[in-house]
Amino acid sequence: MMAKEKSGTEKILLEDKTFGMRLYDEKASLAFLEFLFILFNVDWKSSLEKDDQDIVKIDPVTGPSHLVLRCLVFNNGVLSRCESWDDWERTFKAQFEGEKFFPADWNADYLKKAFRDSKEGFENFARVVRLVRGGSFTAAQAGSDSWANRFLFPWSSAQVYPDIDPKGSDANATIYCKRHFFTHNGAIAFLMLLHAEKCRELFEEIENRFKTERVNSLMTKLCAALEGDWKDRHPVTLSSGSRLPDTFVSSETSLRRADLLCEDLLRLLRLKLKIEDLVDPMTRLMGLHLLCYFIETARSSTDDPRLAKNGWPFFLCEVIRKEYSAIRALSRRCFQQNDNLGLEVLRIGLDRRLEAVYRSSDKEEGRLKAFQKLDITAGEFKNTCAELIREGKKKELQERMEEALEDKYRKHLGKFLRTMGSSIGLSTNLFTNAYRYAPSDELIAAVTLANVDQSRLPLDQFLRKLVEKYGLIFGQEGLEYLPEELQPDQNHLKKNRELLVKRLHALGVLAHLSDGCEYVNNHYL
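First things first, this report covers the structure right here in the doc. (Residues numbered from 1 in each chain as written. Predicted model: local features only at pLDDT ≥ 70, side-chain atom pairs only at ≥ 80, totals over all residues. Heavy atoms only, no water.)

## Examining the overall build of the protein
Alright, step 1. Broken down by element type, the protein carries 22 helices and 12 strands.
Alright, step 2. Scaling as 2.2 N^0.38, a compact globule of 525 residues should have a C-alpha radius of gyration of about 24 Å, and the protein matches this with 26 Å.
Alright, step 3. Out of the 525 residues in the protein, the part that is buried amounts to 54%.
Alright, step 4. Here the analysis covers contacts within the protein between residues at least 6 apart in sequence; of these, 73% occur between residues at least 24 apart.
Alright, step 5. For the protein, the accessible area works out to roughly 23400 Å², and carbon and sulfur atoms hold 46% of it. (Helix = DSSP H or I, 4+ residues; strand = E, 2+ residues; numbered from the N terminus. Rg over C-alpha atoms; globule rule 2.2 N^0.38 Å. Buried < 20%, exposed > 50% of the residue type's maximum accessible area, 1.4 Å probe, protein only. Contact = heavy atoms within 4.5 Å. Areas by Shrake-Rupley, 256 points an atom, 1.4 Å probe, with all protein chains shown as cover.)

Rendered as structure tokens:
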């Protein structure tokens with residue numbers, strides 16, 4: 001009997017071919033940083049000159065690692081124990097002796113000049129380090145205590161870098177990114193936007209707004225003072241592999257999603273807000289569009305009407321409150337349906353492909369050729385499947401492929417909706433033990449900023465926009481998208497909408513005018 005391979009060695013590619021390489025269970029903040037790093041360090045203008053089918057993947061991306069700045073902020077525990085420049089400089093440098101990644105010729109002369117070579121100057125330097133560290137992404141946010149995996153807030157382009165593997169650096173001081181935190185989500189967003197109609201306009205706007213010399217931020221200036229002229233030492237390379245599915249460029253739904261994401265980001269960038277105030281809503285909306293992309297791709301990848309429905313994403317949203325409600329129960333059910341959707345689509349897709357293989361020929365060699373044309377396996381697992389086909393073991397082939405499919409899915413993509421949804425404030429298990437859709441104040445503020453493009457917008461029109469762009473359903477608007485089993489009672493829906501009105505009013509974005517109508521405002525136009 002054929003020995004079964006160890007877990008993790010069986011490579012099945014159906015997930016990658018359906019959704020791209022790859023959507024991953026990582027937080028939206030890191031996806032946004034990855035997107036910015038790629039944008040700032042690739043020749044995207046040349047990509048726009050290519051045919052659509054030629055811009056579905058990313059080559060390796062090389063950019064600054066900002067190692068000195070990162071070590072000063074995150075790998076500088078000795079600072080609190082030192083009382084003078086000389087004591088600190090000697091102790092700080094000693095911890096990097098023999099480390100290939102840290103420049104051997106580094107010294108603190110430029111810091112003494114920037115902060116003054118005195119006890120008071122050293123104390124000011126220590127305060128600045130603590131200030132920058134306090135405004136960064138904390139270890140809890142990044143998911144790791146290691147200094148190499150901690151991130152600065154993107155006050156400008158000069159604070160954007162990937163996680164690194166300092167022990168993996170070579171004799172040429174090349175630093176590698178192992179993608180512990182930059183996990184392709186941001187790359188997928190970047191590739192999607194390359195296909196947006198207003199891509200050039202968006203990318204130029206982002207580069208312009210994030211350019212260091214144009215950002216008049218105190219934190220940007222402090223980071224520049226800490227880093228000095230060391231920012232271009234030790235570039236880091238982000239490995240290749242990120243790609244969209246081949247069906248992306250021919251999918252009207254996917255191209256529409258790219259345009260909607262582009263439109264939202266452009267609107268945010270044109271508001272009267274500083275970069276530090278734009279990062280949060282841009283991050284949340286990028287994550288929301290990635291969620292919509294996942295669900296739309298899943299629905300368009302199957303011809304099973306139970307799963308395809310009308311092709312649109314839908315999120316039945318509870319306006320959060322402590323008390324149990326019927327809307328909460330339905331929202332939990334809606335969440336579970338979406339959470340199960342990806343694996344159900346992949347299972348059905350696998351079943352139908354294998355059935356087609358066995359219908360293609362009465363002989364094993366003919367079936368093997370048909371299977372190889374699918375190109376959905378790799379590595380040793382590809383040989384294993386071929387052997388099972390030759391031996392006529394259809395049932396075992398089906399079982400092995402399904403097991404490999406489910407194992408891969410549950411590791412990362414199966415957690416994508418929950419992790420991304422929670423990080424942008426769309427889903428939560430607050431006040432209950434199960435997840436449901438209950439948007440946070442921050443997410444509501446973000447969609448308000450991106451969708452109210454005039455001084456005031458009637459509430460009904462605003463809610464219709466949320467349905468048509470994101471599938472967010474709070475009231476009557478969008479009920480046609482919900483399947484029969486998720487249709488709420490009208491009284492419960494009315495109450496949910498009333499709670500939303502109160503929520504918007506508390507956020508300062510809803511006005512009741514003398515004409516008896518309710519309007520949503522955007523104060524930053």
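## Observations concerning the packing of aromatic side chains
Alright, step 1. Evaluated as defined, the whole model comprises 31 aromatic pairs.
Alright, step 2. A centroid spacing of 4.7 Å and a plane angle of 20° characterise the contact between F19 and F294, whose relative ring orientation is stacked. Here the residue F19 occupies a position in helix α1 (residues 14-19), and F294 occupies one in helix α13 (residues 275-300), the gap between them amounting to 275 residues.
Alright, step 3. You can call F294 buried: its relative accessible area is 0%.
Alright, step 4. A centroid spacing of 6.1 Å and a plane angle of 75° characterise the contact between F151 and F181, whose relative ring orientation is edge-to-face. One end of the pair, F151, is in the loop between α8 (139-142) and β3 (175-176); the other, F181, is in the loop between β3 and α9 (185-194), and 30 residues separate them in sequence. The pair F151 / F181 is uniform in exposure class, with both members buried.
Alright, step 5. One aromatic cluster is present, built from ring pairs that chain together W85, W88, F92, F96, F102, W106, Y110, F115, F122 and F125.
Alright, step 6. One residue, R456, lies across the ring of Y519, its end atom 5.3 Å from the ring centre. (Phe/Tyr/Trp six-rings, centres within 6.5 Å; stacked < 30°, edge-to-face > 60°. Lys NZ or Arg CZ within 6 Å of the ring centre and 35° of its normal.)

## A closer look at the sheet that holds strand β11 (residues 510-512)
Alright, step 1. Ordered in space as β9-β12-β11, the 3 strands form an open sheet in which the pairing is antiparallel. Looking at strand neighbours, the two that pair on one side only are β9 (456-458) and β11, the edges of this open sheet. In this sheet, neighbouring strand axes are inclined to one another by 35° on average, regardless of whether the strands run parallel or antiparallel.
Alright, step 2. The pairing of β9 with strand β12 (residues 518-521) spans 3 bridges and is antiparallel. In the sheet register, L457 faces β12, and the bridge partner there is V520.
Alright, step 3. Most of the contacts of helix α21 (residues 459-470) go to β9, to which it runs at about 85°, and overall it touches β9, β11 and β12.
Alright, step 4. The sheet contacts of helix α22 (residues 490-506) involve β11 and β12, and relative to β11 the element is tilted by about 105°. (Pairing = 2+ DSSP bridges. Axes fitted to C-alpha atoms, helices over the stretch in contact; angles between N-to-C directions.)

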